[in-house]
Amino acid sequence: YIYKSNVSNVNLEVNGRLKSMLIAIRDELSNRSLEGDEISDEMNYTFSKLANTLSIDFNIYSRSGMLVYSTQPKIYDQSLKARTMSRRAMNNLIEENKSLHIQFEKIGTLRYLSAYEPVRNNTNSTIGYINLPYFAKQDELKKDISSFLVALINIYVLLFAFAIFITFIVSN
């Protein structure tokens, strides 16, 4: 229950962050194209400023699924992750025409939630995709589970003590 609740809350948070990020990126890319593997220095600066202002990591992919911008380029420079978009995300967004795709991804042993959404221009055609990796706070989930277990154990101890007390009273 706690794990499902945590995943649900994280999904909502990721979706909210993605929507706010998408608005800002749509404004920047509304009259532009994301073809090719490079973006202009001006867009690079704008995206970096946006990431710092909102304190959000994100990736931008071209329509073909190639990475054109990342707030964490070292992950890709060190080949920890491929420079292409997740195949499952591409299938859901392109072939199944979904407007949002959220999935778990891994870098080494780090498992994180990743949300993808198409970026559309003024004519409502897809010009690229935004990806929001959310490195969920696993410590918070562990803390929530620990708190729940401590509360549950306390309740059982109180019930056991109450049962012993009632047994003592009834036996006398």
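Note that this is a predicted model, so its numbers are computed, not measured.

Basis of the calculations
- Residues numbered from 1 in each chain as written.
- Predicted model: local features only at pLDDT ≥ 70, side-chain atom pairs only at ≥ 80, totals over all residues.
- Heavy atoms only, no water.
- Helix = DSSP H or I, 4+ residues; strand = E, 2+ residues; numbered from the N terminus.
- Buried < 20%, exposed > 50% of the residue type's maximum accessible area, 1.4 Å probe, protein only.
- Contact = heavy atoms within 4.5 Å.
- Areas by Shrake-Rupley, 256 points an atom, 1.4 Å probe, with all protein chains shown as cover.
- Pairing = 2+ DSSP bridges.

Considering the overall build of the protein
Along its length, the protein carries five helices and five strands. For the protein, the α and β elements follow one another from N to C terminus as α-α-β-β-α-α-β-β-β-α. Relative to its 172 residues, the protein shows a buried fraction of 36%. Sequence separation of at least 24 residues holds for 50% of the intrachain contacts in the protein that already meet a minimum separation of 6. A total accessible area of about 10,900 Å² is found for the protein, and carbon and sulfur atoms account for 56% of it.

With respect to the pairing of strand 4 (residues 110-120)
The buried fraction of strand 4 is high, at eight of 11 residues. The pairing of strand 3 (residues 101-107) with strand 4 spans seven bridges and is antiparallel. Paired with histidine 101 across the two strands is tyrosine 116, which belongs to strand 4. Connecting strand 3 to the next strand, strand 4, in antiparallel fashion are two residues, including glycine 108 with a positive phi near 65°. Pairing of strand 4 with strand 5 (residues 126-134), which is carried by eight bridges, proceeds in the antiparallel orientation. Each residue of the ladder has a partner; that of proline 118, found in strand 5, is tyrosine 129.

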